[in-house]
Amino acid sequence: MCGIFGYVGVPRDTGEMVLDALRKLEYRGYDSWGVGVGVNGHIAVEKNIGKIGSSVLDLPLSSIGFGHTRWATHGGVTQANAHPHVDPSGRVAVIHNGIIENFRSLRAQIEAGGRALVSETDTEVVVHLVAAQLAGTCDPQRTVEIVGNVFEQLQGFNAIIVLDRATGTLTAVKNVSPLVIGRGIDGCYVASDQLALAEYATEIAFLEDRQIVQLDDDGARAFDLDTLRSLHLDWRAPTVKGYSAELSGYPDFLMKEIHEQPEVVRRVASELGGEAQQLAGEISDSYGTFFIGCGTASYAALTGSYLFSRIARRHVNFVVGSEFSYQEHFLTDRSLVCALSQSGETIDIIQSVLTAKDRGARIGALVNVEGSTLDRMADVSLHLKAGPELSVLSTKTYTAKVALLLLTAYALDGRMKEGEDLLLQAADVMEESLHPDATDRIRGLAGRFRVSRSLFAVGRGLSFPTALEAALKIKEVSYIHAEGFAGGELKHGVIALIEEGTPCLVFAPEDETYTDIISGATELKSRGGYIVGVSSRNDPVFDVHIPLADVGNASPLTTAIPAQLLGRELAVARGLDPDKPRNLAKSVTVK
Ligand code: G6P
């Protein structure tokens, strides 16, 4: 699970250019990174563990180079395991995104042939397999053939780029894991996504499975992986422009993106009505709709299933993305699988969609990144238009997904205008909840909870997914153990964990859940729980009240904000990076 980028063209400070592109790919992993350039009969490599930050390279000028930002799968976070991996002769280097599922047997085969591997990675097998066959050749076409042959031996979802110094080429091939080719004034490029190419490429082409592409200083040539016949790449204008990585006065991207949410919700209300209508039509025509997502997107999907029940009296199934492929047996060509994903690259979602397509199901998508794999696979893709989300934590794309699903539910029930008005009302309440006084109150809570061992979040009905999302936000950025529960489940085990002072976030909107959730809060308090009530009413059971005007069915949009802020403030209070928490990646492209 990693970001990869390569360049061939006019000689320049290729290393620095690659490093700069890798900074835009760090959302795919930031355990370690590495850059390699071909120069004067060898491949010069610099690798390091940790985030790229303001690192500067000491590499010579070069006309060919590539780089990698890593999220460790096989082998620890060490310099030796960072990519690129170079063969002992110094001719071939490889960078890779994915998991080579049969790497153990390939590794044994290489070792049996007397070659020693120096890393613990699955990737290094590719280096040895390619280098062994390339020895004695110096024909770019042979390089294509050999890289293609080796790639065919790899099992799993993978993308690789092979730098062959002798032929001055980069050869790239993929299975499911994305690769985008770019061409610009100075040369050709290949990357995991077009964002990394935005600054350099005037045209891009998406590499498809069963295609292999070779880049040299004459350009990019594509071939069919089976026949090696030349193919035309489908060049087009980039759909993604460069993004501004400006903080605009905010201390971090998490804070900035939390504050962008009222605007994002207003945009859904004013600009995405057509999309909501379209998705409503798909749902109406289907016989069985499934919302799927991973992480935060799964909680948006679960919220959607409650919204469709309440607003449109329509049953929509929810399945978490990584489990969907094990529950596909009931899909038919009348099913609609609607995948929610900020990045459009989460591999469990891509795998689920492939499975659903095999069953003939129709695919809907809610994505933020246009041109992403999911965006291109879907029959109907709705763009969230939330703008680039740079913090690893999903915030504004969560509320964008919930807002679009809410609007779709109203559209399905023929009450679109009501949905739009409700979103605008919710956006105003969101704005109020971001007032500096409100943030200060949450900062105060973070000061109190920063040394807590555990935190619990509870809600019922529409607030149950909110409780799950609140706990996720808090644990992923503050590293405090946090769990979300359905209020009714407290008595079935959870309450055993409550001790004197345990923080409990209680979501109590003014709906049919109010009385029961307040009873649950009272039971928590009786056992020592410290109750933070998120509600329009200040109930005596609350130790601290976070007031939020009631917005009915749109409550998941407003109640998300205090939890996001609490997570961020806890991270800051504990001296942690709010944008890049340990062990995580924004886009999870391996299983
Ligand atoms: C990772 C991120 C989460 C995100 C999830 C799904 O785990 O850290 O913030 O919710 O992936 O990502 P997606 O791009 O599919 O929405």
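Summarised in this report is the structure supplied together with it. (Residues numbered from 1 in each chain as written. Predicted model: local features only at pLDDT ≥ 70, side-chain atom pairs only at ≥ 80, totals over all residues. Heavy atoms only, no water.)

It is worth spelling out the pattern of salt bridges at this point. Working definition: two side chains of opposite charge can pair if their charged atoms are close together. Here the structure, examined in full by the defined rule, presents 40 salt bridges. With its nearest N and O atoms 2.8 Å apart, the salt bridge here joins Arg183 to Glu203. With Arg183 in strand E9 (residues 180–183) and Glu203 in strand E11 (residues 203–206), this residue pair connects regions lying 20 residues apart in the sequence. Note on Arg183: relative accessible area 32%, which makes it partly exposed. For Glu203, a relative accessible area of 28% corresponds to the partly exposed category. We note a salt bridge from Asp440 to Arg443, for which the minimum N-O separation is 3.1 Å. With Asp440 and Arg443 both in helix H14 (residues 436–449) and 3 residues apart, this pair spans about one turn of that helix. The exposure class assigned to Arg443 is partly exposed, which follows from its relative accessible area of 39%. Because the salt bridges share partners, they merge into one network encompassing Asp252, Asp440, Arg443, Arg568 and Glu569. (Salt bridge = Lys/Arg side-chain N within 4 Å of Asp/Glu carboxyl O. Helix = DSSP H or I, 4+ residues; strand = E, 2+ residues; numbered from the N terminus. Buried < 20%, exposed > 50% of the residue type's maximum accessible area, 1.4 Å probe, protein only.)

Orientation of helix H6 (residues 261–271) relative to helix H12 (residues 396–412), taken along the N-to-C sense of each, is 25°, at an axis distance of 9 Å. One finds that H6 runs roughly parallel with respect to H12. In this structure, the crossing between H6 and H12 has a hand that is right-handed. Across the interface between the two elements, Gln261, Val264, Val265 and Val268 of H6 pack against Lys396, Thr399, Ala400, Ala403, Leu404 and Leu407 of H12. Taken together, the residues of the contact of H6 with H12 break down into 7 nonpolar, 2 polar and 1 charged. (Axes fitted to C-alpha atoms, helices over the stretch in contact; angles between N-to-C directions. Parallel < 35°, antiparallel > 145°, perpendicular 65-115°, else oblique. Left-handed = near helix turned anticlockwise from the far one by under 90°. Contact = heavy atoms within 4.5 Å. Nonpolar A, V, L, I, M, F, W, Y, C, P; charged D, E, K, R; others polar.)

What follows concerns the pairing of strand E7 (residues 158–164). The element E7 is largely enclosed, with a buried count of 7 among its 7 residues. The two faces of E7 match: Asn158, Ile160, Val162 and Asp164 on one face and Ala159, Ile161 and Leu163 on the other face are all buried. In terms of strand pairing, strand E6 (residues 92–98) meets E7 through 7 bridges, oriented antiparallel. Paired with Ala93 across the bridge in E7 is Leu163. Sheet topology note: the E7/strand E8 (residues 169–175) ladder contains 7 bridges and is antiparallel. If you follow Asp164 over to E8, its bridge partner there is Thr169. From the end of E7 to the start of E8, which pair antiparallel, there are 4 residues, and Gly168 there has a positive phi angle of about 65°. (Pairing = 2+ DSSP bridges.)

Turning to the environment of Gly75, a few remarks are in order. Looking at the element boundaries, Gly75 is found in the loop between strand E4 (62–70) and strand E5 (85–86). Setting aside chain neighbours within four positions, we find Gly75 in contact with Arg70, Asn81 and Glu120.

What follows covers the packing of aromatic side chains. Inspection of the entire model under this criterion finds 9 aromatic pairs. An angle of 20° between the planes, with centres 5.5 Å apart, marks the rings of Tyr189 and Tyr200 as stacked. Separated by 11 residues along the polypeptide, Tyr189 in strand E10 (residues 187–191) and Tyr200 in the loop between E10 and E11 bring together distant segments of the chain. On the accessibility criterion, Tyr200 (13% relative accessible area) is buried. Put simply, the rings of Phe5, Tyr7, Tyr189 and Tyr200 pair up and form one aromatic cluster. Geometry around Phe206 places Arg376 over its ring, the cationic atom sitting 3.9 Å from the centre. Here Arg582 stacks its cationic end above the ring of Tyr479, 3.9 Å away from the centre of that ring. (Phe/Tyr/Trp six-rings, centres within 6.5 Å; stacked < 30°, edge-to-face > 60°. Lys NZ or Arg CZ within 6 Å of the ring centre and 35° of its normal.)

Okay, helix H16 (residues 514–526) next. For H16, spanning 13 residues, the distance from its first C-alpha to its last is 18 Å, which sits close to the expected 18 Å at 1.5 Å a residue. For H16, the set of buried residues is Tyr514, Ile517, Ile518, Gly520, Ala521 and Leu524. Along H16, the residues classed as buried sweep out an arc of 155° about the axis, all on the same side. In H16, the exposed positions that point more than 90 degrees away from the buried face belong to Thr515 and Ser526. For H16, the secondary structure elements touched by its buried residues are strand E20 (454–459), strand E22 (503–507) and strand E23 (530–535). Gly528 occupies a position one or two residues after H16 and carries a positive phi of about 105°. (Expected span 1.5 Å × (residues − 1). Arc of directions from axis to C-beta.)

What surrounds the ligand is a group of 14 residues, the closest being Thr296, Ser341, Gln342, Ser343 and Thr346. Contact between the ligand and Val392: an oxygen atom at 3.2 Å from a main-chain N or O atom of the residue. Between the ligand and Ala585 there is a distance of 3.1 Å, counted from an oxygen atom to a backbone nitrogen or oxygen. Burial of the ligand by the surrounding chains reaches 92%, relative to a free accessible area of 390 Å². Of the residues that constitute the shell around the ligand, the class distribution is 5 nonpolar, 7 polar and 2 charged. (Near = heavy atom within 4 Å. Polar contact = N/O pair within 3.5 Å; in protein donor to acceptor, adjacent residues only side chain to side chain. Areas by Shrake-Rupley, 256 points an atom, 1.4 Å probe, with all protein chains shown as cover.)

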